[in-house]
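Residue strings, one per chain:
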Amino acid sequence: MPAVADMFSPLTQSQRRFVDAVRALGPEFQQRGFAYDDEGRFPVENYADLKRTKLHAINVPTRYGGLGATYVDYGVFSAELARWCGATALTFNMHAATVMWSSVIVDDFDLPADAKKQHEKRRAAMHDKVVNEGAIFAQPFSEPNSAAAAGKAPFGTAAKRVDGGYLVNGTKHFASLSGYADYYAVVCTEEDKEGLHDVKNTILLAVPAKTNGVKLFGGWDVLGMRATDSRSLDFKDVFVPEDNLLMPPGIYYSAALKWPHMFVSLTPSYLGIAQAAFDFTVAYLRGEAEGAPPAGPARHSAAKQLAVAEMRIKLEQAKALWWRVMHEARLNPTKEERLRCYAAQYTVMEYANDLCQLGIRVCGGRSIFKNFLIERLYRDSRCGSLMLPWTAEICLERLGRESLFEPGEK
Ligand SMILES: Cc1cc2nc3c(=O)[nH]c(=O)nc-3n(C[C@H](O)[C@H](O)[C@H](O)COP(=O)(O)OP(=O)(O)OC[C@H]3O[C@@H](n4cnc5c(N)ncnc54)[C@H](O)[C@@H]3O)c2cc1C
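Residues numbered from 1 in each chain as written. Predicted model: local features only at pLDDT ≥ 70, side-chain atom pairs only at ≥ 80, totals over all residues.

Another aspect to go through is the overall build of the protein chain. A count of helical and extended segments in the protein chain gives eleven helices and seven strands. A separation of at least 24 residues holds for 76% of the contacts in the protein chain among residues at least 6 apart in sequence. (Helix = DSSP H or I, 4+ residues; strand = E, 2+ residues; numbered from the N terminus. Contact = placed C-beta atoms within 7 Å.)

Attention now moves to the nonpolar core. Judged by nonpolar contacts, the single largest core of 123 residues is most densely connected at L205 and A274. Tallying contributions element by element places helix α9 (residues 335-363) first for this core, with 13 residues. When near neighbours in sequence (up to four residues on either side) are disregarded, L205 contacts A159, Y166, V168, V186, C188, V240, N244, L245 and L246. (Core = buried A, V, L, I, M, F, W, Y, C linked by C-beta atoms within 7 Å. Buried ≥ 20, exposed ≤ 12 C-beta atoms within 10 Å, placed from the backbone.)

Our next topic: helix α10 (residues 373-381). Counting buried residues in α10 gives eight out of nine residues, a clear majority hidden from the surface. Residues L373, I374, E375, R376, L377, Y378, D380 and S381 constitute the buried set of α10. Buried residues in α10 make contact with α1 (13-39), α4 (86-107), α7 (267-285) and α9.

Turning our attention to the site of the ligand. Around the ligand sit 24 residues, and of these F141, S142, S146, S176 and T391 come closest. Of all elements in the fold, only β3 (165-175) and α11 (392-404) reach the threshold of two or more residues within the shell around the ligand. The biggest single contributor to the shell around the ligand is α11, with three residues. By residue class, the composition of the shell around the ligand is 14 nonpolar, seven polar and three charged. A domain-level breakdown of the shell around the ligand finds at least three residues from each of domain 2 (158-249) and domain 3 (259-404). (Near = placed C-beta within 6 Å. Nonpolar A, V, L, I, M, F, W, Y, C, P; charged D, E, K, R; others polar. Domains from an automatic or database assignment.)

The next subject is the packing of α4 against α7. Remark: α4 packs on α7, axes separated minimally by 8 Å, with the N-to-C direction vectors making an angle of 170°. Considering the angle they form, α4 stands roughly antiparallel to α7. Of the two elements, α4 crosses α7, and the hand of that crossing is right-handed. Side by side, α4 and α7 meet where G86, A89, L90 and N93 of the first sit next to S269, G272 and I273 of the second. Residue classes in the contact of α4 with α7 are distributed as three nonpolar, four polar and no charged. (Axes fitted to C-alpha atoms, helices over the stretch in contact; angles between N-to-C directions. Parallel < 35°, antiparallel > 145°, perpendicular 65-115°, else oblique. Left-handed = near helix turned anticlockwise from the far one by under 90°.)

Let us look at the environment of E80. On the secondary structure map, E80 appears in helix α3 (residues 71-84). Of the residues examined, E80 has 27 C-beta atoms within 10 Å and is grouped as buried. Separated by 74 residues in sequence, E80 and D6 have C-alpha atoms that sit 8.7 Å apart. Not counting residues up to four positions away in its chain, the partners in contact with E80 are M7, V19, V22, R23 and G272.

Time to look at α9. Taking 1.5 Å of rise per residue, the 29 residues of α9 would be expected to cover 42 Å, and the 41 Å separating its terminal C-alpha atoms lies within 8% of that figure. Trailing α9 by a residue or two, G364 shows a phi angle of about 105°, which is positive. (Expected span 1.5 Å × (residues − 1).)

The next thing to look at is the packing of α9 against α10. Axis separation between α9 and α10 bottoms out at 8 Å; the angle between their running directions is 150°. One element, α9, and the other, α10, form an angle in the roughly antiparallel class. Along this stretch, α9 crosses α10, giving a crossing that reads as left-handed. Residues A352, N353, C356, Q357, G359, I360 and C363 of α9 touch α10, and the partners they reach there are I374, L377, Y378 and S381.

What follows is about the domain arrangement of the protein chain. Domain boundaries in the protein chain define domain 1 (13-135), domain 2 (158-249) and domain 3 (259-404). Placing the centre of domain 1 and that of domain 3 at their C-alpha centroids yields a distance of 22 Å. Secondary-structure elements contributing two or more residues to the side of domain 1 that touches domain 3 are α1, α3 and α4. Among the elements that make up the side of domain 1 that touches domain 3, the one with the highest residue count is α4 (ten residues).

Summarising burial for strand β4 (residues 183-190): eight of the eight residues are buried, a large majority. Note that strand β1 (residues 137-138) and β4 share two bridges and pair parallel. The residue bridging A138 from the neighbouring strand is Y184, located in β4. Across seven bridges, the pairing between β4 and strand β5 (residues 202-208) is antiparallel. (Pairing = 2+ DSSP bridges.)

Between S9 and the following residue, P10, the backbone shows a cis peptide bond with an omega angle of -5°. For P10, the position within the fold is in the segment before α1. A cis geometry characterises the amide bond from L388 onward to P389, with omega recorded as 10°. Even without a glycine there, the phi angle at F174 is positive, about 60°. Within the secondary structure, F174 is located in strand β3. We note that M225 has phi near 50°; this positive angle belongs to a residue other than glycine.

What follows is the structure, encoded as structure tokens:
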């Protein structure tokens, strides 16, 4: 196998450590990916390796025994992970994002002292489950009515206040890790006294996977990201103790508005795929990819060189924009920073698929066999721009409107 270049540089010491740790696992993850994809099977063995190396607690703060990765550290780690297995990285993001939302994001909001103390107790318990019990969180957010996940309507999944907790009812679809996770971090609406739903009352609840009233349904025989096991979930009168609140009430709604970069954590999964497509194409044309035809005159073809150049340009553009945006992630970014964040999401998701299709085009017909990575990367990459809340169209819509209108203008 050819030497693997860093996706980003310079790396900090901790980023170097995380990248090296992923790289030690990477070749095996990539190899296992063929069977996971073929059988549509969740990457259980990859998760066992992530737990064995403690990487599953990568962004749990060190004071709780985690590895304390910052948001940028996590992004670098996730992109490297995706370079070896996109489905592992994408599913892992649901877990890592849940940890991040309850830790660094909540910390950025001013909370009354008692609420802060209560949250501290709750998240300490949650982090303990991750660090000491290996607990993994899924993040079912999407619902059959996509307006809620797009941020345009309250979530239909309802949490009704009862003694000591909530009764949860509703349906989620596309719940990655659905058969594997220990907890579902369910985004739902706390009903008001009249039973009405208001987006401001969105809460994030950890529903234990093995609880009465939780039912998995549907299949997951799909085009790409076949190993994510993103089936549907039904919740019927599921009792969830109030200590399972992962964010204090009101904070999810505020964070979605004021900490928009919280949603961009999906992008490194696709940036890693873009890098893998580029790496594969170069290796294939050099005759270095396993099973590839030997390097011949193809490499000398101007058409192939131009296509590889186009791939490199798109990859560099996506990485540069993404790198900047990750460093701008914070509470109350400026309007420019927020719009740049949508632009980065759009660019990474669309370019990942562009790079894969260019890779297949330039490598040629012999590269579409299933024993070649590019075939899977191509299918996996198609899913990036479908991810709510920031699909490609929603990013375009916001970028256009908010470039032309200031708040309050008609
Ligand atoms: C591999 C994979 C893994 C996933 N994992 C998860 C997961 O773990 N958790 C989770 O919650 N979800 C997950 N999703 C779901 C994903 O985030 C979307 O919710 C899902 O793809 C939406 O599918 P849909 O058929 O409802 O499409 P729609 O949402 O109906 O989208 C179809 C088109 O309509 C546009 N559109 C939709 N709503 C709006 C709007 N309000 N304004 C403007 N345009 C709009 C979209 O941009 C798109 O072009 C996953 C999806 C995939 C493909």
